[in-house]
Structure formats: structure tokens, C-alpha cells
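Each chain is listed here by its residues.
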Amino acid sequence: MVAELKRLCVFCGSSAGFDQIHRQAAMEFGALLARESIELVYGGGRVGLMGAIADAVLQSGGQVTGVIPEFLATKELLHEGVTVMHVTQDMHERKALMSKLSDAFVALPGGLGTFEELFEVLTWLQLGLHRKPIGLLNVAGYFDPLVAMIDRAIADGFCPNEHRQLFVVDANPAILLNRLHDHQLPTVKKWIRSTEET
């Protein structure tokens, strides 16, 4: 359970996808964050779902912190209208700073970068490097195959059952926020007993 959710890190696509439902969901989630006085921490871009959620927060009177690596900022992808912008040297510094600034994480639909960011914070949680809640905004069932893959890994013995409780999933933004507030993170027992089990 998170004591107070002041800053939420959102991972999402730099593309908007083909279906307008994804952009609409990002905008609705951004407006909700502003109404709840929750600051958005995100990847700093002005395009795709990243730009849509940042614009929605700002238009609703909320606060937005962007974190973008220098090589992307110089390609005219940087959102110039956010409240605070951090420009980092590389992707590793970007992700570390986004994590440090945030009280919780939510993934919206996106591509390989979104998946990588999501699985990194899940892995950090599994290893005990943080105790911050993680959620998936499951727009139009987008994350159903990903959740099924994790369930398969559990069923086949590659992950303990507790890993399924490392994150919450919901299609409704307000319900997802409430579940992040109330989520009781599991205590994951030591899984690796030797270096041969990595």
C-alpha cells in the first residue's frame, strides 16, 4: 500500500497506435491525474500517447515532469510545455531518475520501449530494489497477452506464484488508481538458490 501517491510514472508509446481508443484513454487518464492532484512523470516526449497524456494533464491544470535522454531531445521530440524537464545523458540515467521521482508506475499501451520499462520496474520490485505499486491500464484488452505470458511462466515454473501479485490490471483508470493506492505488495521469497538457476 502506498502511503501517499503524489507522483505517478507512466510508461506509454511514442506512437498513438491505429485505434483512437488508445489516445482517448491516455487523455482521460491524464485528466484524472490532474483532478487527483497527482503529478505525471513520463518520458518527456511530445508525440504519440506520451504527448497525449502530458497535454491532457497540462490542459487540466496539472503538473508534468518529463525525463528525456539528450539524443532524443535533439531530434525535436522534447515536449517544451511541461512543468519541469530533465535531460539525461542516456537511457539508463533516464529510467533511474524516473523511478527515483515516482511513487508508483503505470503502463499504458506502447511498444518495445514500454515493455522494457515495465519489466525493468517489475524486476526491480521482485529483487527488492523498490516497494512501489505497478499497474497496467488495460485499454481494449491490450495487455491480456502479456498477462497470459506471465501466467504461463508461472505455470511452467519459471516464476513463483507471488509474481502475479506484483502488479494490478484494470481497464478503468479511476479503479486502477484506487487499486494502486490499496495494493498490498507480496513478500517474494528468495527464488535463486544458485548461480545455475539464473
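Conventions and cut-offs
- Residues numbered from 1 in each chain as written.
- Predicted model: local features only at pLDDT ≥ 70, side-chain atom pairs only at ≥ 80, totals over all residues.
- Heavy atoms only, no water.
- Helix = DSSP H or I, 4+ residues; strand = E, 2+ residues; numbered from the N terminus.
- Buried < 20%, exposed > 50% of the residue type's maximum accessible area, 1.4 Å probe, protein only.
- Lys, Arg positive; Asp, Glu negative; His and termini not counted.
- Salt bridge = Lys/Arg side-chain N within 4 Å of Asp/Glu carboxyl O.
- Polar contact = N/O pair within 3.5 Å; in protein donor to acceptor, adjacent residues only side chain to side chain.
- Contact = heavy atoms within 4.5 Å.
- Expected span 1.5 Å × (residues − 1).
- Pairing = 2+ DSSP bridges.
- Axes fitted to C-alpha atoms, helices over the stretch in contact; angles between N-to-C directions.
- Parallel < 35°, antiparallel > 145°, perpendicular 65-115°, else oblique.
- Left-handed = near helix turned anticlockwise from the far one by under 90°.
- Nonpolar A, V, L, I, M, F, W, Y, C, P; charged D, E, K, R; others polar.

Undergrad: For this particular structure, what's the right way to read the side chain of Lys132?
TA: Relative to the helices and strands, Lys132 is located in the loop between α5 (112–126) and β6 (134–137). For the buried residue Lys132, which engages in no salt bridge, the nearest side chain bearing the opposite charge is Asp103, 5.9 Å off. Looking at Lys132, its side chain comes within polar contact range of the main-chain oxygen of Ser102, at 2.6 Å. Each residue touching Lys132, except ones within four places of it in the same chain, is listed here: Ser99, Lys100, Ser102, Asp103, Ala104, Phe105, Leu125 and Leu185.

Undergrad: Looking at this structure, how should I read helix α6 (residues 144–155)?
TA: Because each turn of an α-helix spans 3.6 residues, side chains separated by three or four positions in sequence point in the same direction. Taking 1.5 Å per residue as the helical rise, α6 with its twelve residues ought to reach 16 Å, and the 16 Å between its terminal C-alpha atoms agrees with that figure. In this structure, the buried side of α6 is in contact with α5, β6 and β7 (168–170). Gly157 occupies a position one or two residues after α6 and carries a positive phi of about 85°.

Undergrad: Whenever I open this one, the sheet that holds β6 confuses me. Can you help?
TA: In a beta sheet, neighbouring strands pair by backbone hydrogen bonds and run either parallel or antiparallel. Read across the sheet, seven strands follow the order β4-β3-β2-β1-β5-β6-β7 without closing on themselves; strand pairing throughout is parallel. Single-partner strands in this sheet number two, and they are β4 (84–88) and β7. Sheet twist, expressed as the average angle between the axes of neighbouring strands with direction ignored, equals 20°. In this sheet, strand β5 (residues 104–107) lies alongside strand β1 (residues 7–11) in parallel orientation, the contact comprising four bridges. Note that in β5 the partner of Leu8 across the bridge is Ala104.

Undergrad: How should I be thinking about the packing of helix α4 (residues 91–101) against α5 in this particular structure?
TA: Working note: a packed helix pair is described by the angle between its axes plus the distance between those axes. Viewed as axis vectors pointing N to C, α4 and α5 meet at an angle of 60°, and their least axial separation amounts to 12 Å. By the angle between their axes, α4 is oblique relative to α5. For the pair α4 and α5, the sense of crossing is right-handed. Together, Arg94, Lys95 and Ser99 of α4 and Glu116, Glu117, Glu120 and Trp124 of α5 make up the contact between the two elements. Residues belonging to the contact of α4 with α5 are distributed by class as follows: one nonpolar, one polar and five charged.

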